[in-house]
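Each chain is listed here by its residues.
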Amino acid sequence: MANVFSIPRFVISGENAINFSLDYFKKMGTKALIVTDASMVKFGIAKSLTDVLDEGKVSYYVYDEINTEPTHVMIDKGVELYKNENCDFLIAIGGGSPMDAMKAIAAVYANGGSITEYMGKKIEKELPCMCAIPTTSGTGSEATKVSIITNTDTEVKMLLIDPKLMVDYAILDHTLTLSLPPSVTATTGVDALTHALEAYTSKKAFSMSDSYAVSAIKRIYANLLDAYKDGKNESARHEMSLAAFEAGAAFTNASVHIIHGMSRPIGALFHVPHGMSNAMLLKTCLEYFKTAVMPELCELAKAIGVYKDGMSVDEGAEAFVAATHDLVNALGLKSPMDCGITKEVFFEKIPKMAADAMTSGSPLNARRTPAKEDLMELYTKFWNDWEVIRASRS
Ligand SMILES: NC(=O)c1ccc[n+]([C@@H]2O[C@H](COP(=O)([O-])OP(=O)(O)OC[C@H]3O[C@@H](n4cnc5c(N)ncnc54)[C@H](O)[C@@H]3O)[C@@H](O)[C@H]2O)c1
Ligand SMILES: [Fe+2]
């Protein structure tokens, strides 16, 4: 069977890649809409981009209001600004939120309507040139044909997938990630981990996506904890920026499945950051789908060096699962209860969460394919698992 593997046209990576990119910025257009969040401006990260644009006399307008995971209201405003400021290309600098917002703004600018009408629809018209500069090492949005926008009217995190949402340029400059606090390093790093793990164990995996997934997994297991413990560790940061890109490339071509499918409804309803809800779900979901992918998990055990000579396939797979739990536990992640979610409301929302997860289509890519009822059981188990973990911590 033939497969298509997509990645951005240009990937510029390494220390000071942003300075190196001036000639590319000049080719992108004459006036950029820079999509970012207020912290990027406050920490001087956006300035590292605008200084280069100033030097090259490339005009820009800074839209710095993507301060949380993007909503349809933020997209509407971005489209108006893009038109009113006569921009002809877009640059996102920030985490997945500004990158996803940039893609949605470009899509609505070129195709009209409201982003709330785009879920499940093909994007017809070509988008203006887009450049993504990630400052977290997690979502991989710089490598994906995906944008995730919350419709605040329906409380649904809309998953938009279309080849036109792939950026033209990705700039991977790990020096922009040195200021990431440990908590965000942890949650975004687990997001990248789940991308690679789900891509590798997806029904849609193929050899090219596997290469990227395995490479990402090796880098993450070797470097995430170091980057978490010492945010200024440049080598670990560099490796994590490459890993996030690779994991994004892997999953955009092979798909994520249960963890992401169940994570988005938790994010939309309880406003838990995306990487955090993935991290919370990892244990319960991995236990559920591992039985269908023991040989794949055993291969991953070999890739990260926890497989020992003489182990059976099942023992190898369990060694990988144990290493994953050890890594996630060492990152000090929060429980759902610590994120302010109450049992009563969580249980009341389980039918909606399971239905929304199924509508996204992601869970169907798992090799142990759940029905809506299975997801309802998994949400229940997820809560109960966390009650046990919390009791053991206190
Ligand atoms: N498009 C995709 O393929 C894809 C994949 C996974 C997730 N997502 C989406 O991405 C969004 C989450 O993105 P995210 O996890 O990168 O978080 P984010 O963009 O929301 O940023 C999280 C926080 O980190 C801060 N931050 C970012 N870079 C920093 C830096 N260098 N120094 C200090 N602080 C910094 C931000 O200001 C923000 O407060 C969600 O909406 C999620 O659904 C998209
Ligand atoms: Fe993700």
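Owing to the predicted nature of the structure, the values given are computational and were not obtained by experimental measurement. Numbering of residues starts from 1 in each chain and follows the order in which that chain's sequence is written. The order in which chains are written sets their letters, starting at A; the order in which ligands are written sets their numbers, starting at 1. Since the coordinates come from a predicted model, pLDDT governs what is reported: local features require at least 70, and pairs of side-chain atoms require 80 or more to be given and counted, while whole-chain, interface and lining totals use all residues. Hydrogen atoms and water are omitted, and side-chain values are computed over all heavy atoms in the structure.

Trainee: Could you give an account of the coordination of the iron ion (ligand 2), naming the residues involved and the relevant values?
Mentor: A donor here means an N, O or S atom no more than 2.8 Å from the metal, or no more than 3.2 Å when the metal is Na, K or Ca. Since water is not included, a site may seem to lack partners. Around the iron ion (ligand 2), the protein contributes the donor atoms Asp191 (OD), His195 (NE2), His260 (NE2) and His274 (NE2), at 2.1 to 2.2 Å from the metal centre. By the criteria applied here, four donors are tetrahedral when all angles lie between 85 and 135 degrees, four are square planar and six octahedral when opposite donors are over 155 degrees apart and every other angle lies between 65 and 115, and any other arrangement is irregular. Taken together, the four donor atoms coordinating the iron ion (ligand 2) and their angles of 85 to 171° define a geometry best described as irregular.

Trainee: How would you explain the sheet that holds strand β3 (residues 59–63) if you had to name every residue and give the values?
Mentor: In this scheme, strands are said to pair when DSSP sees at least two bridges between them. For the purposes of this entry, the term helix denotes a DSSP run of H or I that reaches at least four residues, the term strand denotes a run of E that reaches at least two, and both are numbered from the N terminus. Strand order in this open sheet of six strands is β1-β8-β5-β4-β2-β3, and the pairing throughout is parallel. Of all strands in the sheet, those with a lone pairing partner are β1 (10–13) and β3, marking the two edges. Pairs of neighbouring strands in the sheet enclose a mean axial angle of 20°, with direction left out of account. Strand contacts of helix α4 (residues 45–55): β2 (31–35), β3, β4 (89–94) and β5 (129–134), with the helix running at about 145° to β4, the strand carrying the most contacts. Note on contacts: a residue pair qualifies if any of its non-hydrogen atoms lie within 4.5 Å across the two residues. Each axis is a line fitted through C-alpha atoms, taken for helices only over the stretch in contact, and angles between the N-to-C directions span 0 to 180 degrees. The sheet strands contacting helix α9 (residues 234–254) are β1 and β8 (169–172), and the helix crosses β8 at an angle near 150°.

Trainee: So, the nonpolar core: which residues are in play, and what are the values?
Mentor: Core analysis: the biggest nonpolar cluster contains 72 residues, and Ile266 and Phe346 have the highest contact counts within it. Looking at which element gives the most residues to this core, the answer is helix α11 (residues 274–289), with nine residues. Residue contacts for Phe346: discarding those within four places in its chain leaves Ile266, Phe270, Ile341, Met353, Tyr379, Phe382 and Trp383. Counting 33 residues, the second largest nonpolar core, distinct from the first, contains Ile66, Met74, Met102 and Ile123. What is meant by a nonpolar core is a set of buried Ala, Val, Leu, Ile, Met, Phe, Trp, Tyr and Cys residues, joined one to another through side-chain atoms within 4.5 Å. Accessibility here uses a 1.4 Å probe with only protein chains present; expressed as a share of the type maximum, an area under 20% marks a residue as buried, one over 50% as exposed, and anything in between as partly exposed.

Trainee: Lay out empty space enclosed by the protein with the relevant residues and their values.
Mentor: Buriedness of a pocket was judged along seven lines, with at least five required to meet protein on both sides within 12 Å; pockets are open sets of points on a 1 Å grid over the protein atoms alone, cavities are sets where a 1.4 Å probe fits but cannot get out, and lining residues have an atom within 4 Å of a point. Grid points are joined across faces, edges and corners, and a volume is the space filled by probe spheres set on the points. In this structure the tally under the stated criterion is two cavities of 30 Å³ or more. The space that makes up the largest cavity amounts to roughly 50 Å³. Forming the boundary of the largest cavity are Ser137, Thr177, Leu180, Thr185, Thr188, Gly189, Leu224, Ala227, Arg237 and Met240. Taken together, the elements giving at least two residues each to the lining of the largest cavity come down to α7 (182–200), α8 (207–229) and α9. Sort the elements by how many residues they give to the lining of the largest cavity and α7 lands first, with three residues. A breakdown of the residues in the lining of the largest cavity according to their chemical character gives four nonpolar, five polar and one charged. Roughly 40 Å³ of internal volume is contained in the second largest cavity. Around the second largest cavity sit Pro134, Thr136, Ser137, Glu142, Leu172, Asp173, Thr177, Ser241 and Ala244, which together line it. Three classes are used: nonpolar for Ala, Val, Leu, Ile, Met, Phe, Trp, Tyr, Cys and Pro, charged for Asp, Glu, Lys and Arg, and polar for all others, with Gly counted as polar. Here the residues of the lining of the second largest cavity sort into three nonpolar, four polar and two charged.

Trainee: Any details on the site of ligand 1? Residues and values, ideally.
Mentor: Taken together, 31 residues lie around ligand 1, and Gly96, Ser97, Asp100, Thr135 and Thr144 are the ones closest in. Polar contact criterion, stated in full: a pair of N or O atoms within 3.5 Å, where within protein one must be able to donate a hydrogen and the other to accept it, and residues adjacent in sequence count only if both atoms are side-chain atoms. Here an oxygen atom of ligand 1 and a backbone polar atom of Gly96 are 2.8 Å apart. A 1.4 Å probe and the Shrake-Rupley method give the accessible areas. Residues count as covered only by the protein chains that appear here. Here ligand 1 loses 90% of its free accessible area of 880 Å² to cover by the protein chains. Mapped by element, the contributors of at least two residues to the shell around ligand 1 are α3 (38–42), α6 (96–111), β6 (146–151) and α7. Looking at the shell around ligand 1, its residues break down into 12 nonpolar, 14 polar and five charged. Put simply, a residue is near a molecule or strand once any heavy atom of it comes within 4 Å of that molecule or strand.

Trainee: Got a sec to walk through the layout of surface pockets? Specific residues and values, please.
Mentor: Computed from the structure, the second largest pocket encloses a volume of approximately 210 Å³. For the second largest pocket, the lining is made up of 14 residues, of which Lys283, Val328, Asn329, Trp386 and Ile389 are closest to its centre. Mapped by element, the contributors of at least two residues to the lining of the second largest pocket are α11, α13 (313–330) and α15 (372–393). Per element, the largest residue contribution to the lining of the second largest pocket is five residues, and it comes from α11. The residue makeup of the lining of the second largest pocket, split by class, is seven nonpolar, three polar and four charged.

Trainee: Break down the pattern of salt bridges for me, citing the residues and quoting the values.
Mentor: If charged atoms from side chains of opposite charge come close, those side chains can pair. Any carboxyl oxygen of Asp or Glu that lies within 4 Å of a side-chain nitrogen of Lys or Arg is treated as forming a salt bridge with it. By the definition in use, this model includes 14 salt bridges. A salt bridge links Arg219 to Glu239; the shortest N-O distance between them is 2.9 Å. Linking Arg219 in helix α8 with Glu239 in helix α9, this pair joins segments that are 20 residues apart in sequence. We note a salt bridge from Glu318 to Lys290, for which the minimum N-O separation is 2.9 Å. Highlighted residues: Glu318 in helix α13 and Lys290 in the loop between α11 and α12 (294–304), separated in sequence by 28 residues.

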